[in-house]
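Working through the structure, step by step
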Amino acid sequence: MTSARTRERLVQRLAGHGISNLQVLDRVRSVPRHLFVDEALQSRAYEDSALPIGHGQTISQPYIVALMSQALLDGVDPSQPLLKVLEVGTGCGYQTAILSPLVRQIFSIERIRHLMGDTRTRLAQLGYQNIRFRHGDGMQGWPGQAPFDGILVAAAPAGIPQPLIDQLAVGGCLIIPVGPVGSQELMRVTRTEQGLEQENLCCVSFVPLLEGTG
Ligand code: SAH
């Protein structure tokens, strides 16, 4: 159930649904998603679906993780490597693992302390070294490390939090789902020398971005 063939089927499915960035597809092929979910759910880890990870949260659907990663990589100048990326909503760390080798450094914030602890251990065991974790409210961003070349948000606020926009570098982009449950849009906000550009990418369904810590 966790074989190379099973993973390859998932990669082909994502490619068929419009994921064309080869770096992203290669990461989906390599990251052992079954190690990010409970043992009882491991046989379903390479289905293209969200799964529970405890604390009332879910690991995102692989298609959505791939779509957000692709939107981030395609949103910046390909000749400039992504040096600093902020992730809001670490969850079980699957998205973090997908992005890790594609960027210089990831700063990842999660509001649920236990989830953060488990994820920190898991990613260290898997050998990821360019990730810094913080337990806190990601709506505030990570001012001490700003500006970021990329910001990726894995939970949906009603409107885009201003601190995240303020912490975006020129040439950088923010990938964020916005809106109430049942009516959310995935958006890409790019900071240019002239100001901000905003694109609606597609309709999505995320858990709400909550204020404060859990
Ligand atoms: N990409 C993650 C998705 C996790 S679900 C994965 O694949 O596992 C979204 C996560 O956002 C949850 O863990 C939730 O606790 C977290 N979250 C919600 N509001 C937050 C906030 N204000 N700051 C940081 N994390 C938040």
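Report follows, based on the coordinates. (Residues numbered from 1 in each chain as written. Predicted model: local features only at pLDDT ≥ 70, side-chain atom pairs only at ≥ 80, totals over all residues. Heavy atoms only, no water.)

1. Quick notes on the sheet that holds strand E5 (residues 131-135)
For clarity, the cut-off: In short, DSSP must find at least two bridges between two strands for them to pair. Strands are runs of DSSP state E lasting at least 2 residues, helices are runs of H or I lasting at least 4, and numbering of each runs from the N terminus. Axis lines are fitted through C-alpha atoms, for helices just across the contact stretch, and the angle between N-to-C directions can take any value from 0 to 180 degrees. Every residue pair with non-hydrogen atoms within 4.5 Å of one another is taken to be in contact.
Strand order in the open sheet made by the seven strands is E5-E4-E3-E6-E7-E8-E9, with mixed pairing throughout. The open sheet has two edge strands with one neighbour each: E5 and strand E9 (196-204). This sheet shows a mean twist of 15° between the axes of neighbouring strands, independent of strand direction. As defined by bridge partners, strand E3 (residues 84-88) adjoins strand E6 (residues 148-153) across four bridges and the pair is classed as parallel. In the strand pairing of E6, Val-88 is matched with Val-153. Lying on the sheet, helix H3 (residues 62-75) is in contact with E3, E6, strand E7 (168-178), strand E8 (184-191) and E9; it crosses E7 at an angle near 155°. Of the strands in this sheet, strand E4 (105-110) and E5 touch helix H5 (residues 113-125), which is tilted by about 165° from E5.

2. Some remarks on the nonpolar core
Put simply, the rule reads: As used here, the term nonpolar core means buried Ala, Val, Leu, Ile, Met, Phe, Trp, Tyr and Cys residues forming a set that is joined through side-chain atoms within 4.5 Å. Whether a residue is buried, partly exposed or exposed follows from its accessible area with a 1.4 Å probe, protein chains only, as a fraction of its type maximum: under 20%, in between, or over 50%, in that order.
Counting 49 residues, the largest nonpolar core has Val-28, Phe-36, Ile-59, Leu-72, Tyr-94 and Ile-175 as its most contacted members. Listing elements by their share of this core, those giving two or more residues are helix H1 (4-16), helix H2 (22-30), strand E1 (51-54), H3, helix H4 (94-99), H5, E5 and E7. A per-element tally of this core places H3 first, with eight residues. What Ile-59 contacts, discounting residues up to four positions off in sequence, is Arg-33, Phe-36, Val-37, Ala-50, Leu-51, Ile-53, Cys-92 and Tyr-94. With 19 residues, the next largest nonpolar core counts Val-88, Met-139, Trp-142 and Leu-164 among its residues.

3. Quick look at the layout of surface pockets
For clarity, the cut-off: A 1.4 Å probe that fits into a set of points on a 1 Å grid over the protein atoms alone but cannot get out defines a cavity; an open set with protein on both sides within 12 Å along at least five of seven lines defines a pocket, and lining residues are those with an atom within 4 Å of a point. Grid points are joined across faces, edges and corners, and a volume is the space filled by probe spheres set on the points. Residue polarity is assigned by list, with Asp, Glu, Lys and Arg as charged and Ala, Val, Leu, Ile, Met, Phe, Trp, Tyr, Cys and Pro as nonpolar; anything else, Gly included, falls into the polar class.
Computed from the structure, the largest pocket encloses a volume of approximately 530 Å³. Taken together, 35 residues line the largest pocket, and the ones lying closest to its centre are Gln-57, Thr-58, Ala-154, Ala-155 and Val-207. Listing elements by their share of the lining of the largest pocket, those giving two or more residues are strand E2 (57-59), H3, E3, H4 and E4. Looking at the lining of the largest pocket, its residues break down into 19 nonpolar, twelve polar and four charged. In this structure, the second largest pocket spans a volume of roughly 170 Å³.

4. Some words on the pattern of salt bridges
Condition: Criterion for a salt bridge: a side-chain nitrogen of Lys or Arg within 4 Å of a carboxyl oxygen of Asp or Glu.
Summed over all chains, the structure comprises five salt bridges. Among the ionic pairs, Asp-48 bridges to Arg-13, the shortest N-O distance being 3.4 Å. Residue Asp-48 is found in the loop between H2 and E1, and its partner Arg-13 is found in helix H1; the two are separated by 35 residues along the sequence. Given a relative accessible area of 14%, Asp-48 falls into the buried group. For the salt bridge of Arg-29 with Asp-26, the shortest nitrogen-to-oxygen distance reads 3.1 Å. Of the two residues, Arg-29 and Asp-26 are both situated in helix H2; the distance of three residues between them amounts to about one turn of the helix. Its relative accessible area of 32% is what places Arg-29 among the partly exposed residues. A relative accessible area of 40% means that Asp-26 is categorised as partly exposed. Put simply, Glu-8, Asp-26 and Arg-29 are held in one network by salt bridges that share partners.

Structural measurements only, silent on function.
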